[in-house]
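Chain by chain, the residues:
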Number of protein chains: 2
Amino acid sequence: MSPLIESFVRHFGEMGSRWGINRTVGQMYAYIVLSDEPVNADELACELQVSRSNVSMGLKELQSWNLVRLMHVPGDRKDYFTAPEDVWKIAMTLINERRKREIDPTLTVMRDLLMENPRSKSDQYAQQRIEDMYQLIEMLTQWSREIQKLSPKQISRMLKLGAGVSKLLG
Amino acid sequence: MSPLIESFVRHFGEMGSRWGINRTVGQMYAYIVLSDEPVNADELACELQVSRSNVSMGLKELQSWNLVRLMHVPGDRKDYFTAPEDVWKIAMTLINERRKREIDPTLTVMRDLLMENPRSKSDQYAQQRIEDMYQLIEMLTQWSREIQKLSPKQISRMLKLGAGVSKLLG
DNA sequence: CTGAATTTTCAGAAATTAGTGAAAATTGAT
DNA sequence: ATCAATTTTCACTAATTTCTGAAAATTCAG
């Protein structure tokens, strides 16, 4: 692995571990993303110096996150993996998978707690707080769903406008 | 602690741990956020059933993230803590602190790697990928900075418009 | 100053999470 | 069907992270 690629892979391993993704899985994905060609498990195990079984588990996880696509190369029985060519696609997938696994269940818990009737003044206050958070998270996830209808080009244009949107809104 | 508050605190402990924040710190913050009045360390230790020293470390962390404010109540030597009343403020703080600690250093690493001259075809491809990611992350952080100039009301209006913005942009 | 109240530190224990190797299961060419 | 190639599983070990209790440091009223 070239020094350039190694630096990146190392850094993303560290980053991953701060975001609840394990270091090795982070490195594996960084390696796959930077790779020009489909990557197989043996290559990952060898380049990242981890056991073959660890790679197998990591790949299973990346597949469950829809972050890699399984491919085959003609005349080779091994499984090969690639990441989407479009970084927007990767970002959207990450956001959507995390929403499914973490945000949606959280909203459900909050909704349930808001249905209960408060047994005290402090429960009432707590419910108000929960409602504020609920509204905020709901708004953000709804927005994220909405903008995914747009093309990357359109999203870029919108983001670059930034605070300028407020002028359009009067 | 009422069952309602306990459910929320438990859930946020779990969530925290999936986002690289330790369970206890997550619970502590959930408890503080839902609390009507300023909270002291002994109360947290007692209600969450963790050691006093663990609370001390957790509070230090929450302070370093600017997520709590230290207060004093007259006639009491203990330190008391509160969370901002505005959930938008909390969200912005989280985003900004995470940017400072994780995104900015990542952008620096990527910028450095883009300066190096590629030693091979595959380095060239890797640099292209890194550049794509760099542009994407840069755009998102720039946007996040920009919209923080707006008031929560204005941000809400903008987010609710969602994909509708693209119509305004033609 | 003194000393009680409070907070912080930190070495080590406990708990959790990650990684390995050997064995089992699967796959697909012949 | 057979068998070699490949992937997966899983019990165990290793590494990391979190938590604790005791001691040290700090704070402040008197």
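The structure under discussion appears in the preceding block.
So, a few notes on the structure that sits alongside this text. (Residues numbered from 1 in each chain as written. Chains lettered and ligands numbered in written order. Predicted model: local features only at pLDDT ≥ 70, side-chain atom pairs only at ≥ 80, totals over all residues. Heavy atoms only, no water.)

1. Some details on the protein's contact with DNA strand D
Note the threshold: When at least one non-hydrogen atom of a residue lies within 4 Å of a molecule or strand, that residue is treated as near it. Polar contacts, as counted here, are pairs of nitrogen or oxygen atoms within 3.5 Å of one another; within protein the pair requires one atom able to donate a hydrogen and one able to accept it, and residues that are adjacent in sequence qualify only if both atoms are side-chain atoms. In DSSP terms, a helix is any run of H or I states spanning at least four residues, a strand is any run of E spanning at least two, and both are numbered starting from the N terminus.
Taken together, the neighbourhood of DNA strand D is formed by 16 residues, with Arg52 of chain A together with Thr24, Ser51, Ser53 and Arg77 of chain B sitting nearest. Sugar and phosphate atoms constitute 63% of the interface atoms of DNA strand D, taking the interface as everything within 4 Å of the protein. In the environment of DNA strand D, a base oxygen lies 2.7 Å from a nitrogen or oxygen atom belonging to the side chain of Ser53 of chain B. In this structure, Arg77 of chain B approaches DNA strand D through a side-chain N or O atom, which is 2.4 Å from a base oxygen. Secondary structure elements with two or more residues in the surface near DNA strand D: helix H4 (52-64) of chain A together with helix H2 (23-34) and helix H4 (52-64) of chain B.

2. Notes on helix H3 (residues 41-48) of chain A
Residues and elements named next belong to chain A. Quick reminder of the rule: The rule is simple: take the accessible area with a 1.4 Å probe, protein chains only, and divide by the maximum for that residue type; under 20% is buried, over 50% is exposed, in between is partly exposed. In this description, one arc is meant: the one made by directions from the helix axis to the C-beta atoms. Contacts are residue-level and defined by heavy atoms, with any inter-residue pair within 4.5 Å sufficient.
Three or more residues of H3 are buried, namely Ala41, Leu44, Ala45 and Leu48. Relative to the axis of H3, the buried residues are bounded by an arc of 95° and lie together on one face. Looking at the buried residues of H3, the elements they touch are helix H1 (3-18), helix H2 (23-34), strand E1 (39-40) and H4. The residue sitting at the N-terminus of H3 and contributing the capping side-chain oxygen is Asn40; that oxygen lies 3.0 Å from the backbone nitrogen of Asp42.

3. Overview of the protein's contact with DNA strand C
Close to DNA strand C lie 16 residues; Thr24, Ser51 and Arg77 of chain A together with Arg52 and Asp79 of chain B are nearest. The sugar-phosphate share of atoms of DNA strand C within 4 Å of the protein amounts to 64%. Take Arg77 of chain A: an N or O atom from its side chain is 2.4 Å from a base oxygen of DNA strand C. Here Arg77 of chain B contributes a side-chain N or O atom positioned 3.1 Å from a base nitrogen of DNA strand C. When contributions to the surface near DNA strand C are tallied by element, the ones reaching two or more residues are H2 and H4 of chain A together with H4 of chain B.

4. What to know about the interface of chain B and chain A
Note the following rule: By buried area we mean how much accessible surface two parts lose on assembly, using a 1.4 Å probe and totalling the loss over both. Salt bridge, as applied in this entry: a Lys or Arg side-chain nitrogen positioned within 4 Å of an Asp or Glu carboxyl oxygen.
If you look at the interface, chain B gives 63 residues, while chain A gives 63 residues. Buried surface at the junction of chain B and chain A, summed over both partners, amounts to about 5800 Å²; 72% is from carbon and sulfur atoms. When the buried area of chain B at its contact with chain A is split by residue, Leu4, Arg129 and Met139 of chain B rank highest and sum to 12% of it. Counting the contacts that link chain B with chain A gives two salt bridges. A salt bridge links Glu102 of chain A to Arg18 of chain B, with the nearest nitrogen and oxygen atoms 3.8 Å apart. In this assembly, chain B and chain A are joined by 14 residue pairs in polar contact (both at pLDDT 80 or more).

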